[in-house]
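# Residue-level structural notes
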Amino acid sequence: MLFNLEKAPCSSEDFRKALAYAFPYEETVGRILRGQAGRSSGMVPQGIWSHDETLPSYACDLEKARDCLRRSGQEHPTITLSYQPASKGQDVMLELYRQNLESIGVNLILLRANRETQQKLAESPDPEDRQDIMLVSWNPDYADPGNIFKTLLADRGPRRGSGYSYLDDAELSLAIQLASILSLEDQQKAQEIYRNLQLKVFERCYLVFLYDSAISVAAKKDIPCVVHCVTKKGKGYSPAENDPASFHGVGPFQISDGKMEKFDTLSFTEAFSNILM
């Protein structure tokens, strides 16, 4: 959950903490996602070195949320949260979050958007036109904590990092660079830097990690386990969704309508079958 640090009210640390304390973490993991996820402990998910179970994390506490809101000086603010619809569980989670915020005096407007629309909002040159909160799901490109910190926190000029939190913290960016270099020479020292970075992120509430996916949870297990992935053939492409058998393995086809191109030559399967027979 990424906060727009360049725009009030999320530019206030106390207000961001109010938002963090209002999120229904345990109910999301336990009742809504039904064991398909686990609570996050810091920025580094389970299964990647420098993951640290001892790091502090926020818990749902509406009294603390009210206290933080009071300290922020905000009275009945309205904020927006953009998200890419992924599942019914996500919608239930966000509706519960909206209700929690309403109970402490914050009006949350939920914006369902595809990735392009969400990014367009986030990249608006005027901070006032951007969403206040951007909810994203993200997997590291490779199993190294540096990839996570560089992507979500490092200052990259006007966009302030791929995470769209618009963080402008030169000291933090330098620490990320140092840890990345040290990871090849002194992993223990790099891990110490990453821990301190995560403590700073928690203390300033620059962003909040809500939960880790089931795959991350499975990586933590010290016993054999099975991750059951339910997929849908051709998800997002209607010809493939309507005819999954034909699109199981395909050659060239017309993208506009899904029509397969036919050739007079034998297919590999036909040639292989003829040899066997």
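Everything here concerns the structure above.
Anyway, here's the lowdown on the structure attached to this text.

Analysis parameters
Residues numbered from 1 in each chain as written. Predicted model: local features only at pLDDT ≥ 70, side-chain atom pairs only at ≥ 80, totals over all residues. Heavy atoms only, no water. Axes fitted to C-alpha atoms, helices over the stretch in contact; angles between N-to-C directions. Helix = DSSP H or I, 4+ residues; strand = E, 2+ residues; numbered from the N terminus. Parallel < 35°, antiparallel > 145°, perpendicular 65-115°, else oblique. Left-handed = near helix turned anticlockwise from the far one by under 90°. Contact = heavy atoms within 4.5 Å. Nonpolar A, V, L, I, M, F, W, Y, C, P; charged D, E, K, R; others polar. Phe/Tyr/Trp six-rings, centres within 6.5 Å; stacked < 30°, edge-to-face > 60°. Buried < 20%, exposed > 50% of the residue type's maximum accessible area, 1.4 Å probe, protein only.

## Some words on the packing of helix H7 (residues 170-182) against helix H8 (residues 187-204)
It is at 8 Å that the axes of H7 and H8 come closest, and there the two elements cross at 155°. The angle between the axes of H7 and H8 places the two elements in the roughly antiparallel class. When you trace H7 past H8, the crossing you get is left-handed. Across the interface between the two elements, Glu-171, Leu-172, Ala-175, Ile-176, Leu-178, Ala-179, Ser-180 and Leu-182 from H7 touch Gln-187, Lys-189, Ala-190, Ile-193, Tyr-194, Leu-197 and Lys-200 from H8. Broken down by class, the residue content of the contact of H7 with H8 amounts to 10 nonpolar, 2 polar and 3 charged.

## Describing the packing of aromatic side chains
Considering all chains together, one arrives at 7 aromatic pairs under this definition. On the basis of an interplanar angle of 35° and a centroid distance of 4.5 Å, the ring pair of Tyr-58 and Phe-202 is categorised as tilted. Taken together, the residues Tyr-58 in the loop between strand E2 (37-39) and helix H3 (62-72) and Phe-202 in helix H8 connect sequence positions 144 residues apart. Judged by relative accessible area, Tyr-58 falls into the buried class, the value being 5%. Take Phe-202: its relative accessible area is 22%, and that puts it in the partly exposed class. Ring centres of Phe-149 and Tyr-194 lie 4.7 Å apart, and the angle between their planes is 20°; on these two criteria the pair is classed as stacked. You can see Phe-149 sitting in helix H6 (residues 145-152) and its partner Tyr-194 sitting in helix H8, a full 45 residues away along the chain.

## Concerning the packing of helix H1 (residues 13-21) against H3
Look at H1 against H3: their axes get within 8 Å of each other, and the N-to-C directions meet at 165°. On the basis of the axis angle, H1 is roughly antiparallel to H3. The interaxial crossing formed by H1 with H3 has left-handed handedness. Where H1 approaches H3, its residues Asp-14, Phe-15, Lys-17, Ala-18 and Tyr-21 are matched on the opposing element by Leu-62, Lys-64, Ala-65, Cys-68, Leu-69, Arg-71 and Ser-72.

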